[in-house]
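Descriptive structure summary
Read off the chains here:
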Amino acid sequence: MRTFHLAFASYGRHHPFPGQGELRAAIHAITRVARSQLVIFGIAAEQAHVVVRCERPRAGLLARALLKSLRAVAGPAGLEPARLQPVADADHLLWLHDYLVQLPLRTGVSGHPALWEGSPLPDLLGARWVPSYQQQLVALLPGYQPARACKLAGLASLPSPVGPARARLLGIGQIGAAAAAAMAAAPDLQGRTTPQVLARRAAARLASRAGLPPSELSWAFGQTRRTAYRLATAPVPAAAIEALQLRLGLEQAAAALPTGLALAQLSASPA
């Protein structure tokens, strides 16, 4: 098998995924189509990049399938067919990793680059859990350490997961928002899609461990207290809880540093 870089650009350099909902839908479109062949991806501004590992004929099929799926969730700005380029070797793949981690900085998206959800950083750190995406970059880059990505995104160190005691101080509002980001769910957690259900359950489980009362869950998710109580005991994969706690840790780490520090990383050598 070989590794291929698929680059999708929008017509007229408009933003095809202008809102949080469209961006998260694009993440699920990429992971659902590429599945086990997905190595790494990044989305920012008018660009979407997908790196896959497969045979050449399969890469062409994936390029067409991804274009169809991404167009289905994009805004009015359409996407052009992918530019397909073979990845020559491990050094080329590492360069792509660096480029995609820095993509939010290069394209001028708002907010701290470490928190940009189109970045591959959450997946590299375990701060996002999408069941169809099985991370394989590390296997292709022997000796790779996530600290490299953290430095490139402007973080001083690897974020630590937020435990129940700290989560209690943050409150259900931040827990719920982080859960939606960690599952790439639509921001409105009152929906019935699988990512929204997972996000609600993960948020409720962590909130329950933190000692937050069912009344706060009821308020956050627009449900009765009885339903909120059941939600906190509903089955949820351990990986989803871990991703939520790491997402909260990522948010705390980014909040502790000015965005300007991340800008300086563009000219710094990786760790």
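Here the structure is a predicted model, which is why all the values come from computation and not from measurement.

What counts, and where the lines are drawn
Residues numbered from 1 in each chain as written. Predicted model: local features only at pLDDT ≥ 70, side-chain atom pairs only at ≥ 80, totals over all residues. Heavy atoms only, no water. Helix = DSSP H or I, 4+ residues; strand = E, 2+ residues; numbered from the N terminus. Buried < 20%, exposed > 50% of the residue type's maximum accessible area, 1.4 Å probe, protein only. Arc of directions from axis to C-beta. Contact = heavy atoms within 4.5 Å. Expected span 1.5 Å × (residues − 1). Phe/Tyr/Trp six-rings, centres within 6.5 Å; stacked < 30°, edge-to-face > 60°. Axes fitted to C-alpha atoms, helices over the stretch in contact; angles between N-to-C directions. Parallel < 35°, antiparallel > 145°, perpendicular 65-115°, else oblique. Nonpolar A, V, L, I, M, F, W, Y, C, P; charged D, E, K, R; others polar. Pairing = 2+ DSSP bridges.

Glancing now at the side chain of H28. By secondary structure assignment, the location of H28 is in helix 1 (residues 20-34). Residue H28 is classed as buried on the basis of its relative accessible area of 18%.

Turning our attention to helix 10 (residues 225-233). Three or more residues of helix 10 are buried, namely A228, L231 and A232. Around the axis of helix 10, the buried residues are gathered within 95° of arc, so they sit on the same side. Turned more than 90 degrees away from the buried face of helix 10 sit R226, Y229 and T233, all of them exposed. The inward-facing, buried residues of helix 10 abut helix 8 (194-209) and helix 9 (214-221).

Another aspect to go through is unusual backbone geometry. Residue R35 is not a glycine yet carries a positive backbone phi of 45°. Turning to its location among the elements, R35 is positioned in the loop between helix 1 and strand 2 (38-44). Positive phi is not limited to glycine here, since A45 has a value of about 50°. Here A45 shows up in the loop between strand 2 and strand 3 (47-54). When its relative accessible area of 10% is taken as the criterion, A45 is described as buried.

Structural remark: α-helix, 3.6 residues per turn; residues separated by three or four positions point the same way. Relative to the 26 Å expected for 18 residues at 1.5 Å per residue, helix 2 (residues 56-73) spans 26 Å between its end C-alpha atoms, a close match to the ideal helical length. Inspection of helix 2 places A59, G60, L62, A63, L66, L67, S69 and L70 among the buried residues, and these make up the whole buried set.

Bringing the environment of A253 into the picture now. Locating A253 in the fold gives a position in helix 11 (residues 238-255). A253 has contacts with L155 and P159, leaving out every residue within four places of it along the chain.

This part takes up the packing of aromatic side chains. Here the structure, examined in full by the defined rule, presents 2 aromatic pairs. With 5.8 Å between their ring centres and 55° between their planes, F41 and Y133 make a pair best called tilted. With F41 in strand 2 and Y133 in the loop between helix 4 (121-125) and helix 5 (137-140), the pair connects residues that are 92 residues apart, well separated along the chain. Both residues of the pair, F41 and Y133, belong to the buried class. On the numbers, 5.4 Å between centres and 15° between planes, the contact of W95 with Y99 is stacked. With W95 and Y99 both in helix 3 (residues 90-107) and 4 residues apart, this pair spans about one turn of that helix.

Before going further, it helps to spend a moment on the environment of A149. One can find A149 in helix 6 (residues 147-152). Accessibility expressed as a relative area gives 0% for A149, which makes it buried. Considering only alpha carbons, one finds A149 and G118, 31 residues apart in sequence, at a separation of 14 Å. Aside from chain neighbours lying at most four places away, what touches A149 is H97, V101, L121, L124 and Y144.

Our next topic: the packing of helix 7 (residues 164-182) against helix 11. Helix-helix packing is described using two parameters, namely the angle between the two axes and the distance between the axes. Interhelical geometry of helix 7 versus helix 11 gives an angle of 105° and a closest axis separation of 9 Å. In terms of orientation, helix 7 and helix 11 fall into the roughly perpendicular class. On helix 11, the residues that touch P164, R166, L170, Q174, I175, A178, A179, A181 and A182 of helix 7 are A243, L244, Q245, R247, L248, E251 and Q252. Across the contact of helix 7 with helix 11, the residue classes tally to 10 nonpolar, 3 polar and 3 charged.

Picture the strands of a sheet paired through backbone hydrogen bonds; they go either parallel or antiparallel. Here we have 4 strands laid out as an open sheet, ordered 2-3-1-4, and antiparallel in their pairing. Only two strands of the sheet have a single neighbouring strand rather than two, namely strand 2 and strand 4 (83-86). The average angle at which neighbouring strand axes cross in this sheet is 15°, direction not considered. As paired strands, strand 2 and strand 3 are joined by 6 bridges and run antiparallel to one another. Residue pairing across strands places G42 opposite H49, the latter belonging to strand 3. Seen against the sheet, helix 1 touches strand 2 and strand 3 and runs at an angle of roughly 160° to strand 2.

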